[in-house]
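What the coordinates show
Residue strings, one per chain:
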Amino acid sequence: MMKEFTGAIFDLDGTLLDSMWVWEQIDVDFLSRRGIDLPEDYLKKITPMGFEAAARYTIDRFGLQEQPRDLIGEWYAMAEDYYKTKVGLKPHAKEFLRCLADQGVRIGAATSSDSRLFEPALRHNNIRDYFTCVTTVRDVSRGKGFPDIYLYTAGRLEISPARCAVFEDIPEGIRGAKDGGFMTVGVYDSYSGHEKEEMIGLSDYYIYDYKELLEVVR
């Protein structure tokens, strides 16, 4: 079935980039500086959000007397070095992207992250040239629980949702993509492993490793 598709849209953090450990460490360090232990549900709550929304949520939840720009600046300072030098790819992700490109599939990204972080990571891992476009939640009015970012990215790829697959590692992303009429591929990530069964139920396909799809698209 994958061979019928002419477009592919990938989330980045936790889906292509093995990066969620960075955000957990940042969350731990950021809250620890303020004498707050990391709540179990915090990472799940902020993952679908852009930085501005995540900062406002954090301020409201913990009653911080800070401005969103202060939190965002601190998060960036903590994250930039990791993304430039230490964030790698999920197993066989680069090989899968290369295989899609060889088959003429147009590739886009739809992310909640920021270009100052993901661009160095994509270039460091030598995969930036595979992407026709990269869209962020700042380009649309609603977050990843809605189809907006996937529809916008498909439009930039000039491919209809019915001919495009979306790869995501969180339930909110899968739901949003399905609401937009896309085929969905859930990708396992250890940091969202507690949602695995939900992901399996929601996704059209579910994979633990991109190696599982290589023979399908060749």
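Above this note sits the structure.
About the thresholds
- Residues numbered from 1 in each chain as written.
- Predicted model: local features only at pLDDT ≥ 70, side-chain atom pairs only at ≥ 80, totals over all residues.
- Heavy atoms only, no water.
- Helix = DSSP H or I, 4+ residues; strand = E, 2+ residues; numbered from the N terminus.
- Buried < 20%, exposed > 50% of the residue type's maximum accessible area, 1.4 Å probe, protein only.
- Pairing = 2+ DSSP bridges.
- Right-handed = clockwise from strand over helix to strand, strands pointing away.
- Salt bridge = Lys/Arg side-chain N within 4 Å of Asp/Glu carboxyl O.
- Phe/Tyr/Trp six-rings, centres within 6.5 Å; stacked < 30°, edge-to-face > 60°.
- Core = buried A, V, L, I, M, F, W, Y, C linked by side-chain atoms within 4.5 Å.
- Contact = heavy atoms within 4.5 Å.
- Axes fitted to C-alpha atoms, helices over the stretch in contact; angles between N-to-C directions.

1. Re the environment of Leu17
With respect to the helices and strands, the residue Leu17 is situated in strand E2 (residues 17-18). You can call Leu17 buried: its relative accessible area is 0%. On a C-alpha basis, the gap between Leu17 and Leu213 in space is 17 Å, while along the polypeptide they are 196 residues apart.

2. Comments concerning the pairing of strand E7 (residues 183-187)
The element E7 is extensively covered by neighbouring structure, given that 5 of its 5 residues are classed as buried. In this structure, strand E6 (residues 164-168) lies alongside E7, joined through 4 bridges in parallel fashion. Residue pairing for E7: Glu168 is matched across the bridge by Gly186. Crossover connection from E6 via helix H8 (residues 171-179) to parallel E7: handedness right-handed.

3. Here's the deal with unusual backbone geometry
Not every positive phi belongs to a glycine, and His92 is a case in point at roughly 65 degrees. Looking at the element boundaries, His92 is found in the loop between strand E3 (88-89) and helix H5 (93-102). A relative accessible area of 32% means that His92 is categorised as partly exposed. Of note in the backbone geometry, Glu158 takes a positive phi value of approximately 60 degrees without being a glycine. Structurally, Glu158 can be placed in the loop between helix H7 (148-157) and E6. Residue classification places Glu158 among the exposed positions, given a relative accessible area of 70%.

4. Focus on the pattern of salt bridges
With the rule as written, the count across this model stands at 17 salt bridges. The partner of Glu119 in a salt bridge is Arg123, with the nearest N and O atoms 3.5 Å apart. Taken together, the residues Glu119 and Arg123, both in helix H6 (residues 115-124) and 4 residues apart, mark about one turn of the helix. Here Arg142 makes a salt bridge to Asp148, at a shortest N to O gap of 3.0 Å. Here Asp148 falls in the buried class, since its relative accessible area comes to 16%. Several salt bridges share partner residues, and in doing so they unite Arg33, Arg34, Glu66 and Glu74 into one network.

5. Focus: the packing of aromatic side chains
This structure, assessed with the given rule, holds 17 aromatic pairs. Summarising the aromatic geometry, the rings of Phe96 and Tyr210 are spaced 5.4 Å apart at their centres and angled 25 degrees between planes, so their arrangement reads as stacked. With a gap of 114 residues between them, Phe96 in helix H5 and Tyr210 in the loop between strand E8 (205-207) and helix H10 (211-217) connect regions that are remote in the sequence. Accessibility expressed as a relative area gives 0% for Phe96, which makes it buried.

6. Some points on the nonpolar core
Of all hydrophobic cores here, the largest spans 54 residues; its most connected members are Phe10, Phe131 and Phe167. Looking at which element gives the most residues to this core, the answer is helix H4 (residues 68-85), with 7 residues. If we ignore the near neighbours within four places in the chain, the residues touching Phe131 are Leu12, Leu16, Leu97, Ile107, Gly108, Ala109 and Leu122.

7. With respect to the sheet that holds E6
A sheet is described by the order of its strands in space; here 6 strands give the open sequence E5-E4-E1-E6-E7-E8, paired in parallel fashion. The open sheet has two free edges, formed respectively by strand E5 (133-136) and E8, since each of these has just one partner strand. Strand-to-strand twist across the sheet, computed as the mean angle between neighbouring axes with direction ignored, equals 20 degrees. Contacting E6 and E7, H8 crosses the sheet at an angle of about 170 degrees to E7.

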